[in-house]
Amino acid sequence: MFRNQYDTDVTTWSPQGRIFQIEYAMEAVKQGSAAVGLKSKEYAVLATLKRAPSELSSYQRKVFKIDDHMGIAISGLTADGRILCRYMRNECLNHRYVYDSAMPLGRMVRQVADKAQVADKAQVGTQRSWKRPYGVGLIVAGYDEAGPHVFYNCPSGNYYDYKAFAMGARSQAAKTYLERQFESFGGASLDELVKHALHALQASLQDGELTDKNCSVAVVGKDTTFTLLEDEALAPYITGALASACYCFCRLFAGALLEDEALAPYITAVKEEEPEAAGMEAEQPAAEAEGGAAAAAGGEGEQQGGGGGGGDEGGAAPMQE
Amino acid sequence: MASALPMRAQVPSVGGEHRQHASWSPYDDNGGTVVAVAGDDYCVVAASTRMSTGYSILTRDKTKILRLNPKCVVASAGMQADMETLHKMLHMRHVTYQFNHRKPMSCPATAQLLSNTLYYKRFFPYYTFNLCAGLDEEGKGAVYTYDAIGSYERVGYGCQGSGKELIQPVLDNQLKAASPLVLPQQQWLSSLPLEQAVDLVKGAFVSAGERDIYTGDDVEILIITKEGVRTDRLELKRD
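A short tour of the structure in this document, coming up. Since we're looking at a predicted model, the values are computed, not measured.

Focus: the interface of chain B and chain A
- Residue-level contacts link 8 residues of chain B with 9 residues of chain A.
- For the pair chain B and chain A, the summed buried surface comes to about 790 Å²; carbon and sulfur atoms form 68% of the total.
- Looking at the side of chain B facing chain A, the largest losses of area belong to B:Met92, B:Phe99 and B:Arg102, adding up to 69% of the total buried there.
- For the interface between chain B and chain A, the tally reads 0 salt bridges.
- Taken together, the connections running from chain B to chain A amount to 1 residue pair in polar contact (both at pLDDT 80 or more).

The following block contains the structure:
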C-alpha cells in the first residue's frame, strides 16, 4: 500500500472502491504481537504473546475477561482495545441484569462491530468524518448456549466466526499451523487445545522462546468460567506436565488470575526443554505432574508425555518453520 | 398493600362525614427479620426465610441475603421487590469494581456503597432495612446497620425487620457492655466464642418466631470466617 490522494480521511472512496483509512486501520492490528484463538467441541482457548516496551517494564496485558463466559484477546492499539473491553463488559452486565443470563456471543460481536457504523461501536468510526476507525482487532472467545465460539472483530467493522484464528505480527506462521491442525481440534481435550494454542504461538515467535512470562492463555468452556492463565498457572503447560494438569482448571474460580507457575508447565512442554522447576510452585497432582514433567524433559521431539491424541505431529513442524 | 387496583380509603373530614379517597401505595412489607453478630474473627448473619403479605404467606423459602464475596454479605428485610433490585444493583457494582480494581470489594467499601445507593433514592426509597456484615480488612467481624435511606453505623451486632423489637433487647442484654461509663469505652463486649454466638442467634429467632407472625418457617444462617462462608439452617414453627 502506498500513500495516495484517496487516503486522507475515512469518508473518501478510491476509484477502485476502497477506503484506505480502513485498510490502514487493519494494518495497525498487524503491528500488535501475535494472538491466537481456537476451539474444540467444549472449550475455547486464547493464547497471546505479551510484549514489554522495555526490560524495565511489565508486559502489556492482551487478554481481558469480559464476563464469566466470554473474554477477548486484542492486537493493535491497546488503548482502543480497552475502550471496547469496557463497552463489552458493560453490555454483558446490562444483559445479565435485564435477562438474568449470559449474553450470547453472536449478539455481542455484532454490537461491537455495529459500533463502527451505527453510532454503536466499530463501524461508526468508518463512517463519520470526525471519527477514526478503531485500530485494534479482537479475538472474542466464549461459551454460550450454542457452544464454544471464536470470533474475530476487525477494525473495518466486519466480524467473522472461526474454528481457529491468529492475528498480529507474524501471525501467518501461526495460521499455517492452525490450518494444518484444525481438524483435530474438535475432539481435543483441554490440555491438547492449550498445547495447540501454544504451538501456534511459538510459530509466530521469531526469536526467543515461549516462557511463562511472555505469554498468557485463557480458557472458557461448558463448566469452566473464563479463566486467565499467566505465569505460575501456565507453567505446567509449558513444561509439559500436562495431561493431568487440566485438573488445575477445576480448581479455578471465575476470573482467577494465576501467576507464573501455572503457565510454565505448558510452555516448557512446547519448548521440549527442562521444566521450569523454579516456576512450578502451584499445587499439582503432585506425582503425576512431576513424572510428566520429567518425561517431557527427557523426550526428544515428543512433547506430550501424557494424553497423546491427534495433532501431535504438528508439534514438531512449527519448530522447524 | 401494593395492589393493582386503587383502594378506597376512609378519610375523616372536618365536618365529621367520611370522604372517599383513592390511595395506592407502591410499597408493601413482606416481613421477616435479619440479624448479624460480629466477633473477633467471625461474623454470624441470619435471616428468616418467610415472605408474607398482609396476613398471608407468599413463600416459606425466600433468601434475604446477598453474598457479594466470601468476606461480605448484605441482608435485607422489608419489601422483597426492592430488596431484589437493590441486591442486583450491588452485585453489578461489585462485578464492575472487580474489573476495575482486580480484587473483591472489602466489607467497609461495600458498606459505603450501600449507603450511597440507598441515599441515591432519597425521594423514593428502597423499602429495605439492611445489614451489611462480614470481615473487615483486619479480619475482624464487622456489622453495619442502616435505615431505609442509607444512614449507617458500624456496630458489634444488629437486627432489622419485623422481629427487630423482640430480638434487639435480647442481643443488648447478652452482648452490650454493662455501662457506657466503663473504661476503656466499649459499646459491646468482646466476642463470644463462635458456637455461643450462633446459639444466641438461633435462640433469638426461636423466641421472635413465637410472637412475631412474620418470622417463621426457616432461618438461613451464614457463618463467615477467614476460611470462608459456612451455612446452617434452623427450622422454625410454620404457624
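What about unusual backbone geometry?
Residue and element names in this part refer to chain B.
- Phi at arginine 102 is positive, roughly 60°, even though this residue is not glycine.
- The backbone of aspartate 217 sits at a positive phi, close to 70°, despite the residue not being glycine.
- One can find aspartate 217 in the loop between helix H4 (194–211) and strand E13 (218–225).

A look at the side chain of B:Ser115
All names here are of chain B.
- Locating serine 115 in the fold gives a position in helix H2 (residues 107–120).
- Side-chain polar atoms of serine 115 contact the backbone oxygen of glycine 150, separated by 2.7 Å.
- With residues up to four places along the chain from it excluded, the contact list for serine 115 reads Tyr146, Ile149, Gly150 and Tyr152.

Thoughts on the sheet that holds strand E5 (residues 136–144) of chain A
Residues and elements named next belong to chain A.
- Taken in spatial order, the 5 strands make up an open sheet running E3-E4-E5-E6-E7, and their pairing is antiparallel. Sheet topology places strand E3 (63–67) and strand E7 (159–162) at the edges, where each strand pairs with a single neighbour. Here the strands of the sheet are splayed against their neighbours by 25° on average, with no regard to which way each runs.
- Examined bridge by bridge, strand E4 (residues 70–76) and E5 share 7 bridges and lie antiparallel to one another.

Let's talk about the packing of helix H4 (residues 171–181) of chain A against helix H5 (residues 190–204) of chain A
Residues and elements named next belong to chain A.
- At a minimum axis separation of 6 Å, H4 and H5 run at an interaxial angle of 145°. For the pair H4 and H5, the sense of crossing is right-handed. Residue-level inspection shows Ser171, Ala173, Ala174, Tyr177, Leu178 and Gln181 of H4 in contact with H5, the latter providing His196, His199, Ala200, Ala203 and Ser204.
- Residue composition of the contact of H4 with H5, grouped by class: 6 nonpolar, 5 polar and no charged.

Quick word on the packing of aromatic side chains
- Counted by the stated rule, this structure contains 10 aromatic pairs over all chains.
- Relative to A:Tyr160, the ring of A:Tyr152 lies with its centre 6.5 Å away and its plane at 15°, an arrangement referred to as stacked.
- For A:Tyr160, a relative accessible area of 35% corresponds to the partly exposed category.
- Relative to B:Tyr152, the ring of B:Tyr144 lies with its centre 5.9 Å away and its plane at 50°, an arrangement referred to as tilted.
- An aromatic cluster of three or more residues is present, and its members are A:Tyr152, A:Tyr160, A:Tyr162 and A:Phe165.
- Sitting over the ring of B:Phe99, A:Arg89 keeps its end group 3.8 Å from the ring centre.
- One cation-aromatic arrangement involves B:Lys88 over A:Tyr97; the distance from NZ or CZ to the ring centre is 4.5 Å.

Considering the packing of helix H2 (residues 78–99) of chain A against helix H3 (residues 105–114) of chain A
Residue and element names in this part refer to chain A.
- Packing of H2 against H3 brings their axes to within 11 Å, and their N-to-C directions diverge by 135°. Put simply, H2 runs oblique to H3. In this structure, the crossing between H2 and H3 has a hand that is right-handed. Only Arg107, Met108, Gln111 and Val112 of H3 make contact with H2, whose side of the interface consists of Leu84, Tyr87, Met88, Glu91, Cys92 and His95.

Structural notes on helix H1 (residues 20–31) of chain A
Residue and element names in this part refer to chain A.
- Look at H1: 17 Å from first C-alpha to last across 12 residues, which is about the 16 Å you get at 1.5 Å a residue.
- Of the residues making up H1, those classed as buried are Phe20, Ile22, Glu23, Ala25, Ala28 and Val29.
- On its buried face, H1 sits against E4, E5, strand E6 (147–153) and strand E8 (164–167).

What about the pattern of salt bridges?
- Taken as a whole, this structure holds 22 salt bridges over all chains when the rule is applied.
- Of the charged contacts, one joins A:Arg3 and A:Asp7 as a salt bridge, the two residues approaching to 2.8 Å between their closest N and O atoms.
- We note a salt bridge from B:Arg50 to B:Asp217, for which the minimum N-O separation is 2.8 Å. Placement of B:Arg50 in the loop between strand E4 (42–48) and strand E5 (51–53) and of B:Asp217 in the loop between H4 and E13 is noted, with a sequence separation of 167 residues between them.
- The exposure class of B:Arg50 is buried, given its relative accessible area of 1%.
- When salt bridges that share partners are traced, they join B:Asp61, B:Asp218, B:Arg233 and B:Arg238 into one network.

Digging into H5(A)
- Here H5(A) is 15 residues long and its end C-alpha atoms lie 22 Å apart, about the 21 Å a rise of 1.5 Å per residue gives.
- Counting buried residues in H5(A) gives 15 out of 15 residues, a clear majority hidden from the surface.

Details of the environment of A:Gly137
Residue and element names in this part refer to chain A.
- Tracing the backbone through its elements, the reader meets glycine 137 in strand E5.
- With relative accessibility at 0%, the residue glycine 137 sits in the buried group.
- Along the backbone, glycine 137 and tyrosine 59 are 78 residues apart, and their C-alpha atoms lie at a distance of 19 Å.

Concerning the pairing of E6(A)
Residues and elements named next belong to chain A.
- Within E6, 7 of the 7 residues are buried, leaving the element largely enclosed by the surrounding structure.
- Between E5 and E6, which pair antiparallel one after the other, the connecting turn spans 2 residues.
- Two successive antiparallel strands, E6 and E7, enclose a turn made up of 5 residues, where glycine 157 displays a positive phi of approximately 100°.

A look at the nonpolar core
Residues and elements named next belong to chain A.
- If you look at the biggest cluster of nonpolar residues, it comprises 31 residues, and the most contacted ones within it are Val36, Leu198, Leu201 and Val217.
- Residue assignment for this core shows that the elements contributing at least two residues are strand E1 (35–39), strand E2 (43–49), E8, H4, H5, strand E9 (215–221) and helix H6 (235–239).
- Of all the elements, H5 adds the most residues to this core, at 7 residues.

What counts and what doesn't
Residues numbered from 1 in each chain as written. Chains lettered and ligands numbered in written order. Predicted model: local features only at pLDDT ≥ 70, side-chain atom pairs only at ≥ 80, totals over all residues. Heavy atoms only, no water. Contact = heavy atoms within 4.5 Å. Buried area = accessible area lost by both parts, 1.4 Å probe. Salt bridge = Lys/Arg side-chain N within 4 Å of Asp/Glu carboxyl O. Polar contact = N/O pair within 3.5 Å; in protein donor to acceptor, adjacent residues only side chain to side chain. Helix = DSSP H or I, 4+ residues; strand = E, 2+ residues; numbered from the N terminus. Pairing = 2+ DSSP bridges. Axes fitted to C-alpha atoms, helices over the stretch in contact; angles between N-to-C directions. Left-handed = near helix turned anticlockwise from the far one by under 90°. Nonpolar A, V, L, I, M, F, W, Y, C, P; charged D, E, K, R; others polar. Phe/Tyr/Trp six-rings, centres within 6.5 Å; stacked < 30°, edge-to-face > 60°. Buried < 20%, exposed > 50% of the residue type's maximum accessible area, 1.4 Å probe, protein only. Lys NZ or Arg CZ within 6 Å of the ring centre and 35° of its normal. Parallel < 35°, antiparallel > 145°, perpendicular 65-115°, else oblique. Expected span 1.5 Å × (residues − 1). Core = buried A, V, L, I, M, F, W, Y, C linked by side-chain atoms within 4.5 Å.

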